[in-house]
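Understanding the architecture of this molecule
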Amino acid sequence: MIPLPATIDDTLALMDQAGYVADRSLATVLHLALKMKRPLFLEGEAGVGKTEIAKVLSTTLGRDLIRLQCYEGLDVSSAVYEWNYPAQMVEIRVAEAAGDTEHSELSKSIFDERFLIKRPVLQALEPSLSGAPVFLIDELDRADEAFEAFLLEVLADNQVTIPELGTVKATEPPIVIITSNRTREIHDALKRRCLYHWVDYPDAERELEIVRRKVPGAAERLAAEVVAFVQKLRADEDLFKQPGVAETLDWATALSELNEIALDPDMASDTLGVLLKYQDDIERVRGSKVRQMVEDIRKDAPQPRSMPAV
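Residues numbered from 1 in each chain as written. Predicted model: local features only at pLDDT ≥ 70, side-chain atom pairs only at ≥ 80, totals over all residues. Heavy atoms only, no water.

The protein is annotated in an unreviewed UniProt entry as MoxR family ATPase of Roseibium sediminicola.

**Things to note about unusual backbone geometry**
Note the cut-off: Helical segments are the DSSP runs of H or I of at least four residues, strand segments are the runs of E of at least two, and each set is numbered from the N terminus. In this scheme, a residue with accessible area under 20% of its type's maximum is buried, one over 50% is exposed, and one in between is partly exposed, where area comes from a 1.4 Å probe on protein chains only.
One non-glycine residue, E139, lies in positive phi territory at about 55 degrees. Mapping E139 onto the fold places it in the loop between β5 (134-138) and α8 (145-157). Residue E139 is classed as buried on the basis of its relative accessible area of 19%. Look at R182: it is not a glycine, yet its phi comes out positive at around 60 degrees. Position of R182 among the secondary structure elements: in the loop between β8 (175-180) and α9 (188-191).

**A look at the nonpolar core**
Note the cut-off: Nonpolar cores were defined as sets of buried Ala, Val, Leu, Ile, Met, Phe, Trp, Tyr and Cys residues, with membership established by side-chain atoms within 4.5 Å. The contact definition used throughout considers only heavy atoms, calling two residues in contact when any of these lie within 4.5 Å.
With 31 residues, the main nonpolar core has L68, V121, F135, I137, L140, I178 and L190 as its most contacted residues. Put simply, the parts of the chain that give this core at least two residues each are β2 (65-69), β3 (81-83), α7 (120-124), β5, α8, β6 (159-162) and β8. The biggest single contributor to this core is α8, with four residues. For F135, the contacting residues outside a window of four places in its chain are I66, L68, P120, V121, A124, P174, I175, V176 and I177.

**What about the side chain of E260?**
Let me state the cut-off plainly: Neither His nor the chain ends is counted toward charge; the positive residues are Lys and Arg and the negative residues Asp and Glu. Each salt bridge in this description consists of a side-chain nitrogen of Lys or Arg and a carboxyl oxygen of Asp or Glu lying within 4 Å of one another.
Within the secondary structure, E260 sits in the loop between α12 (245-257) and α13 (265-270). Despite its burial, E260 remains without a salt bridge, the nearest opposite charge being carried by R298 at 7.6 Å. What E260 contacts, discounting residues up to four positions off in sequence, is L222, L255 and M267.

**A short note on the pairing of strand β1 (residues 40-43)**
Note the threshold: For two strands to pair, DSSP has to find at least two bridges joining them.
Residues L40 and L42 line one face of β1 and the alternating positions F41 and E43 line the opposite face, and both faces are buried. Examined bridge by bridge, β1 and β8 share four bridges and lie parallel to one another. The residue bridging L42 from the neighbouring strand is T179, located in β8. Note that β1 and strand β9 (residues 195-198) share four bridges and pair parallel. In the strand pairing of β9, L40 is matched with L195.

**Regarding the environment of A79**
Secondary-structure assignment places A79 in helix α4 (residues 76-79). By relative accessible area, A79 is classed as buried at 0%. Residues A79 and I92, spaced 13 residues apart in sequence, show a C-alpha to C-alpha distance of 27 Å. With residues up to four places along the chain from it excluded, the contact list for A79 reads L68, L74, R119, P120, V121 and F147.

**Description of the confidence of the model for the protein**
Filter applied, for reference: Residue-level confidence of the predictor, termed pLDDT, takes values from 0 up to 100.
Overall, the predicted model of the protein reaches an average pLDDT of 91, with 95% of residues at or above 70. Of all the helices and strands in the protein, helix α6 (residues 103-110) carries the lowest mean pLDDT, 70, while β1 carries the highest, 98. Taken together, the stretch residues 304-310 has pLDDT below 50 and engages in zero contacts with residues farther than four places along the chain or on a different chain.

**Let's talk about the packing of aromatic side chains**
Rules: Only Phe, Tyr and Trp rings are paired, with Trp represented by its six-membered ring, and only when their centres lie within 6.5 Å; those with planes under 30 degrees apart are stacked, over 60 edge-to-face, the remainder tilted.
What the rule picks out here adds up to six aromatic pairs. When the centroid spacing of 5.2 Å and the interplanar angle of 55 degrees are considered together, the rings of F229 and W251 count as tilted. Taken as a pair, F229 in helix α11 (residues 220-236) and W251 in helix α12 lie far apart in primary sequence, 22 residues in all. The rings of Y81, W83 and F111 are connected pair by pair, giving a single aromatic cluster.

Right, dumping it as structure tokens:
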């Protein structure tokens, strides 16, 4: 079993090992969550790398990744467990054919763990030879408040109650990562059970390092200009949806696939659908606006020093 990082610097190194460019504040709260065995609640805009943190932990620590993707209408049967009704009916028919019709015995027989279909929450509480799994509860803000309330028992006591079987408790708490895009507020009762961190857009230097690592085939000039363009969009433009790091990587990859070595205004306009996901945003930026932004980026870029005359 791979040991947990002993220090904040070890946590930074662990994330760096998986190609995740983290700042020290994120590494600090992640280290504390691992040390204190507390869930980590991550909020931030879509595409800033919240989900990736759970994947990095799973990869670097050699733990299973169990993902619960939240959505409106998510309930216990989809998230926790349900009974295998067809198999239970077969069991009942077999018992009846054999003359075993004692109600209490039959109930005990059909509500047995062998008929239990385990969903992500229950799977996350099971022991594993590789250590407690990484349990990702992704986009919790998309789930209903009733399901959020149900999670309180899981997060507080690392257990769930199945009426027919009793309480199932984890022998070792899973590493819980909860993400939210803040489409609605999450209740304080849940937040109190977690450590909290806001994952913001990276600054230009960190975003450029991310592009270098994730899109190694992109020319250095293209990578720098793509990052500068995206940073300028976020700072200057009133967009319905600002591009996240995921969109920056997609755009850099797309332009690299088109053999671009620098940001061409016409090509940038033609490929804005990779970076921006709403037509109003694309129309606001494309054409002359893109050209002006590219010119400003090159004007602001540091110029190479000229060689002294001999």
